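Residues per chain are reported as follows:
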Amino acid sequence: MEKKYLEMTKMLNFDVESIQSLIKNRKWIELDEYNKIAAIYDFVRNEILFGYNSSDLLSAEEVLKDGYGQCNTKATLLMALLRSVGIPCRLHGSEVSKHFQRGATSWLISVLAPERIVHTWVEVLYLGNWIALEGVITDESYVSAIKDKHKNVRGAFAKYAVAVSNLERLNLNWHGEDTFVQNYAVVVDYGVYDNPDSFFEQHRQTWSKLKNFAYVHYGRKVMNRNVDKIRKII
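Everything quoted here is computed from the prediction, not taken from an experiment.

A. Expanded view of the overall build of the protein. Scanning the protein for helices and strands turns up eight helices and eight strands. Rg of the C-alpha trace for the protein: 17 Å, near the compact-globule value of 17 Å for 234 residues, within the 12% margin. A principal-axis box enclosing the C-alpha atoms of the protein has dimensions of 45 × 40 × 30 Å. Accessible area for the protein stands at about 11200 Å²; split by element, carbon and sulfur atoms hold 50% of it.

Okay, here's the thing in structure tokens:
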């Protein structure tokens, strides 16, 4: 196994006290490989709630401190935690269409947003295979609320930051297989990268400084309120 899949980076800063204390308190290092992945995946998925951070470039320490995250920031935290307990992982980069976020965004934010959004997920090496863990993005309380709101949906669904082939059968728990929750919105595939640092050196969200300011100080706050409202349906 190449060491690069276990390396620490500026964004994957798992040597910091907050992350080391978390690992120690949860006793993840004592688990076998399958259950290490299961426990860390469940933590990032369900205890770091789905929400929109101020930047895609936050370090793992900063995402943990925020206590919430979206695709790119949750991927950073997930990778850092997995590598910290000796689980090899890498990043898969892409772009998604903005339209599947309808419901999580307001009309104005949707209009101002770029047509394509930078999107990443983690792939973990398990039993000799690379397994996608994109399902870590949305916590179970959020997914359950969407399913409850759309009980009559059969088949494909693309709304509320969920884009899947079958909403009714959507199961995002770790079972040693791929989990996806937004993959049906992918429009550009950039392939795999060793870490988020190298990916974001090449691919960053492109929009004006004014739009970025509006997103950080207004847009994401509206989106986070919308996400919380959806989650509280149940």
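B. Geometry of the state of the cysteines. Counted under the stated rule, the structure contains zero disulfides. Free of any disulfide, Cys 71 has its nearest neighbouring cysteine sulfur in Cys 89, separated by 16 Å. For Cys 89, a relative accessible area of 0% translates into the label buried.

C. Quick peek at helix α1 (residues 17-26). Those residues of α1 not exposed but buried are Ile 19, Leu 22 and Ile 23. All buried residues of α1 lie within an arc of 95° about the axis, which places them on one face of the element. Exposed residues lying more than 90 degrees from the buried face of α1 are Glu 17, Lys 24 and Asn 25. In this structure, the buried residues of α1 make contact with α2 (33-47), α3 (60-66) and α4 (71-84). Once α1 finishes, Lys 27 follows within two positions and takes phi at roughly 60°, a positive value.

D. Looking closely at the packing of aromatic side chains. Within the structure shown, the criterion is met by eleven aromatic pairs. The lysine or arginine in question, Arg 90, covers the ring of Trp 130, its NZ or CZ lying 4.0 Å from the ring centre.

E. Inspection of α2 at higher detail. Its 15 residues give α2 an end-to-end C-alpha distance of 21 Å, which sits within 8% of 21 Å, the value for a rise of 1.5 Å per residue. Residues of α2 that are buried include every one of Lys 36, Ile 37, Ile 40, Tyr 41, Phe 43, Val 44 and Arg 45, and no others. Residues of α2 that are buried sit in contact with α1, α3, α4, β4 (116-126) and α6 (140-149).

F. Main features of a negative patch on the surface. On the surface, Asp 15, Glu 61, Glu 62 and Asp 66 cluster together to form a negatively charged patch. Looking at the element boundaries, Asp 66 is found in helix α3.

G. Main features of the side chain of Lys 74. Tracing the backbone shows Lys 74 in helix α4. Although buried, Lys 74 forms no salt bridge, and the nearest oppositely charged side chain, Asp 139, lies 5.1 Å from it. Polar contacts involving the side chain of Lys 74 include one to the main-chain carbonyl oxygen of Ile 137, which spans 3.1 Å. Contact partners of Lys 74, with chain neighbours within four places excluded, come to Val 44, Arg 45, Ile 48, Leu 49, Phe 50, Gly 69, Val 136, Ile 137 and Asp 139.

H. A look at the packing of α6 against helix α8 (residues 209-231). One can describe the packing of α6 onto α8 by two numbers: an axis separation of 8 Å at closest approach and a directional angle of 70°. If you check the angle between α6 and α8, you find them roughly perpendicular. On the side of α6, the interface is formed by Ser 141, Tyr 142, Ala 145 and Ile 146, while α8 contributes Val 227, Ile 230 and Arg 231. The residue makeup of the contact of α6 with α8, split by class, is five nonpolar, one polar and one charged.

I. Representation of the side chain of Asn 224 in the model. Relative to the elements of secondary structure, Asn 224 occurs in helix α8. Asn 224 sits in the buried class, given a relative accessible area of 16%. When residues no more than four places from it in sequence are discounted, the contact partners of Asn 224 are Gly 51, Tyr 52 and Tyr 68.

Criteria and cut-off values
- Residues numbered from 1 in each chain as written.
- Predicted model: local features only at pLDDT ≥ 70, side-chain atom pairs only at ≥ 80, totals over all residues.
- Heavy atoms only, no water.
- Helix = DSSP H or I, 4+ residues; strand = E, 2+ residues; numbered from the N terminus.
- Rg over C-alpha atoms; globule rule 2.2 N^0.38 Å.
- Areas by Shrake-Rupley, 256 points an atom, 1.4 Å probe, with all protein chains shown as cover.
- Disulfide = S-S within 2.5 Å.
- Buried < 20%, exposed > 50% of the residue type's maximum accessible area, 1.4 Å probe, protein only.
- Arc of directions from axis to C-beta.
- Contact = heavy atoms within 4.5 Å.
- Phe/Tyr/Trp six-rings, centres within 6.5 Å; stacked < 30°, edge-to-face > 60°.
- Lys NZ or Arg CZ within 6 Å of the ring centre and 35° of its normal.
- Expected span 1.5 Å × (residues − 1).
- Patch = residues over 30% accessible without salt bridge, like charges linked within 9 Å, V, L, I, M, F, W, Y side chains within 5 Å.
- Salt bridge = Lys/Arg side-chain N within 4 Å of Asp/Glu carboxyl O.
- Lys, Arg positive; Asp, Glu negative; His and termini not counted.
- Charge placed at Lys NZ, Arg CZ, Asp CG, Glu CD.
- Polar contact = N/O pair within 3.5 Å; in protein donor to acceptor, adjacent residues only side chain to side chain.
- Axes fitted to C-alpha atoms, helices over the stretch in contact; angles between N-to-C directions.
- Parallel < 35°, antiparallel > 145°, perpendicular 65-115°, else oblique.
- Nonpolar A, V, L, I, M, F, W, Y, C, P; charged D, E, K, R; others polar.

None of the figures reported here should be taken as evidence of function without further support.
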